[in-house]
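Given next are the chains, with one letter for each unit.
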Amino acid sequence: MTVTVRLFGMLRTLAENQPEIVVAVNGRHQVNDLIEALQTLYPEVGELLLKKNVLVSVNHEIAHGETEISSADEIAFLPPFAGGAGGEWRGGPHVHG
Amino acid sequence: MTVTVRLFGMLRTLAENQPEIVVAVNGRHQVNDLIEALQTLYPEVGELLLKKNVLVSVNHEIAHGETEISSADEIAFLPPFAGGAGGEWRGGPHVHG
Amino acid sequence: MSTVKSDEAMLVRVQRENFSIDVEIDRVRNRSKRIGGIATFLGTARDRSQGREISSITFEHYEGMAQKKLREIRTRALQDFDVIEVVILHRYGDIAIGENIVLIVVGAEHRAEAFKACKWCIDELKHITPIWKLEHTPEGEVWVEQHP
Amino acid sequence: MSTVKSDEAMLVRVQRENFSIDVEIDRVRNRSKRIGGIATFLGTARDRSQGREISSITFEHYEGMAQKKLREIRTRALQDFDVIEVVILHRYGDIAIGENIVLIVVGAEHRAEAFKACKWCIDELKHITPIWKLEHTPEGEVWVEQHP
């Protein structure tokens, strides 16, 4: 099975600005299997997924590792949100020139 | 000595809508003496002064009983403030038809 | 010097006319590019008060002392909170239901302080500003007494 | 029915265009004559962030999910607080320093609840809404990571 994953923010930047990537998923067809597949395909994105607080959404709802996925689902990787303004910003040191 | 006292809100209504009244003050020329003189001249206003939380201002500052006053001062009686909006209003039952 | 003075006079006003919130917010925003959060409180005339139906409201103020107290509130807010600019306006005269009565605008670097200062300003305004409110009801007129 | 729908759609928006605070406040005010207090939070683009100089900001959102989360926030605010109407707007695209980013408007009978709900909405927006912020600095571009 393959799924299409939408990328946003720094994840899209890391994936050479591709708005979405197609990933072959094996195993039980759960979010965990997708993340495992990704480690091989896009090591940089995979590393960020583990290091940062990246959420996975399935059909516009936050999913967990055991959430079932299918090719028809709208799946997205969501890096830490930063909407709004006027808060205390304490971002990381990642500067992409 | 006489002083001129400005009236606002329900106090002015009680004093037949006079924006200010002239009061002869004896004694030590303090705010207390003014209030005493008022009990005789305008009993209704005097009663409200005692019953309600009416403040006295002298030259735009809240005064106390021992504040000295002179004819040159700008003196006012200030009934409970009600500026602003959106608060919890718990006014009295005084309805003037 | 006269520009500064008239600027300050625009930041604290008691006026009969209505006001635009966009205009007042711009007054605050234009003071500093470090502003990241602007908290605003707008008080409007409700059609009901303690179960009574209200048809309109008249606000009366003590000219001079009211302005002085509002200036004090602004100065203390700027001293006591980590905020950059404060605008305080109050209308007087006859105000129809739904219309604007009072406006507080507070600009700060961060939103938490803007909210705190804005709330403090409107609470303090009610306590120390010589303004009175006459509610017009079908049964007659009522001078409102606000208890703290 | 279509009027109600389009009304609701105007109360929660993610849009590129700027907005007028007066217009959005009127949207809230016009919902009920019982409204006595309207608390507003406006987020604007600051020229500095963690000591870095910012020349402009780009906001990106997840179309569809962002709107869904903002609708959820509005619905929960109306359920959990004693308030009458809530408007939530967020801009996307390029935003210059000083410009509007986000707006929350909450109308209530009494001001304390309006303030509480307004603060809750902007805090919650930051936590659950899929929106990202790219800061443009003289040294390059930075995707901002907000920690809770």
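The rules behind each value
For every chain, the first residue of the written sequence is number 1, and numbering continues from 1 along that sequence. Note on labels: chains are lettered from A, ligands numbered from 1, in written order. Selection of residues for local features in this predicted model requires a pLDDT of at least 70, selection of side-chain atom pairs for listing and counting requires 80 or more, and totals for whole chains, interfaces and linings are taken over all residues. Values shown for side chains rest on all heavy atoms present in the structure; no hydrogens or waters enter the calculation. Contacts are assigned to residue pairs that have any heavy atoms within 4.5 Å of one another. The term salt bridge refers to a side-chain nitrogen of Lys or Arg lying within 4 Å of a carboxyl oxygen of Asp or Glu. As used in this structure description, the phrase polar contact means that two N or O atoms lie within 3.5 Å; if the pair is within protein, one of them must be able to donate a hydrogen and the other to accept it, and residues adjacent in sequence are counted only when both atoms belong to side chains. Helix and strand assignments follow DSSP, with helices taken as H or I runs no shorter than four residues and strands as E runs no shorter than two, numbered in order from the N terminus. Side-chain rings of Phe, Tyr and Trp (the six-membered ring for Trp) are treated as a pair once their centres are within 6.5 Å; stacked means planes under 30 degrees apart, edge-to-face means over 60, and tilted covers the remaining angles. Lines fitted to C-alpha atoms define the axes here, with helix axes fitted over just the stretch in contact, and angles between the N-to-C directions of these axes take values from 0 to 180 degrees. Angles are sorted into four bins: roughly parallel if under 35 degrees, roughly antiparallel if over 145, roughly perpendicular if 65 to 115, and oblique for all others. Note: crossing handedness is left-handed where the near helix turns anticlockwise from the far helix by less than a right angle, and right-handed where it turns clockwise. Throughout, exposure labels follow a simple rule: accessible area from a 1.4 Å probe, protein chains only, divided by the maximum for the residue type, with under 20% read as buried, over 50% as exposed, and the rest as partly exposed. Here the arc refers to the directions that run from the helix axis out to each C-beta atom. Think of it this way: DSSP has to see at least two bridges between two strands before they count as a pair.

Enquirer: Provide a residue-level description of the interface of chain A and chain D, including the pertinent values.
Expert: With 32 residues of chain A at the contact, the number on the chain D side is 40 residues. Here chain A and chain D share three salt bridges between them. A salt bridge links A:Arg12 to D:Glu60; its shortest N-O distance comes to 2.4 Å. Viewed at the interface, chain D and chain A are joined by 11 residue pairs in polar contact (both at pLDDT 80 or more). Contributions of two or more residues to the side of chain A that touches chain D are made by strand 1 (2-7), helix 1 (9-14), strand 4 (61-62) and strand 5 (75-78) of chain A. Counting residues per element, the side of chain A that touches chain D draws most heavily on helix 1 of chain A, which supplies four residues.

Enquirer: Tell me about the packing of aromatic side chains, and please be specific about residues and values.
Expert: Applying the stated rule across the entire model yields 10 aromatic pairs over all chains. Relative to D:Trp132, the ring of A:Phe81 has its centre 6.0 Å away and its plane inclined at 65 degrees; by these criteria the two rings are edge-to-face. Of the two residues, A:Phe81 sits in the segment after strand 5 while D:Trp132 sits in strand 9 (residues 131-137), which places them in two different chains.

Enquirer: So what's going on with the packing of helix 3 (residues 65-80) of chain C against helix 4 (residues 111-128) of chain C? Residues and values would help.
Expert: Residues and elements named next belong to chain C. Running from N to C, helix 3 and helix 4 cross one another at 150 degrees; their axes reach a closest spacing of 10 Å. In this view, helix 3 runs roughly antiparallel relative to helix 4, as classed from their interaxial angle. Crossing hand, helix 3 versus helix 4: right-handed. Contacts from Lys69, Leu70, Glu72, Ile73, Arg76 and Ala77 in helix 3 reach Trp120, Cys121, Glu124, Leu125 and Ile128 in helix 4.

Enquirer: Tell me about helix 3 (residues 43-51) of chain B, and name the residues and values.
Expert: All names here are of chain B. Within the span of helix 3, buried status applies to Val45, Gly46, Leu48 and Leu49. End-on view of helix 3: buried residues confined to an arc of 160 degrees, all on one side of the axis. Among the exposed residues of helix 3, those pointing more than 90 degrees away from its buried face are Pro43, Leu50 and Lys51. Where helix 3 is buried, its residues contact helix 1 (9-14), helix 2 (31-41) and strand 5 (75-78).

Enquirer: Provide a residue-level description of the sheet that holds strand 2 (residues 20-24) of chain A, including the pertinent values.
Expert: Residues and elements named next belong to chain A. Taking strand neighbours across the sheet as the criterion, the five strands line up as 2-1-5-3-4 in an open arrangement whose pairing is mixed. Each end of this open sheet is capped by a strand with a single partner; those strands are strand 2 and strand 4. Where strand 1 lies against strand 2, five bridges are found, and the strand directions are antiparallel. Among the inter-strand pairings, Thr2 is bridged to a residue of strand 2, identified as Ala24.

Enquirer: Explain the environment of A:Asn53 residue by residue, including any values.
Expert: Residue and element names in this part refer to chain A. Along the chain, Asn53 turns up in the loop between helix 3 (43-51) and strand 3 (55-58). Sequence separation between Asn53 and Pro80 is 27 residues; the distance between their C-alpha atoms is 6.1 Å. The contacts of Asn53, once residues within four sequence positions are left out, are Leu78, Pro79 and Pro80.

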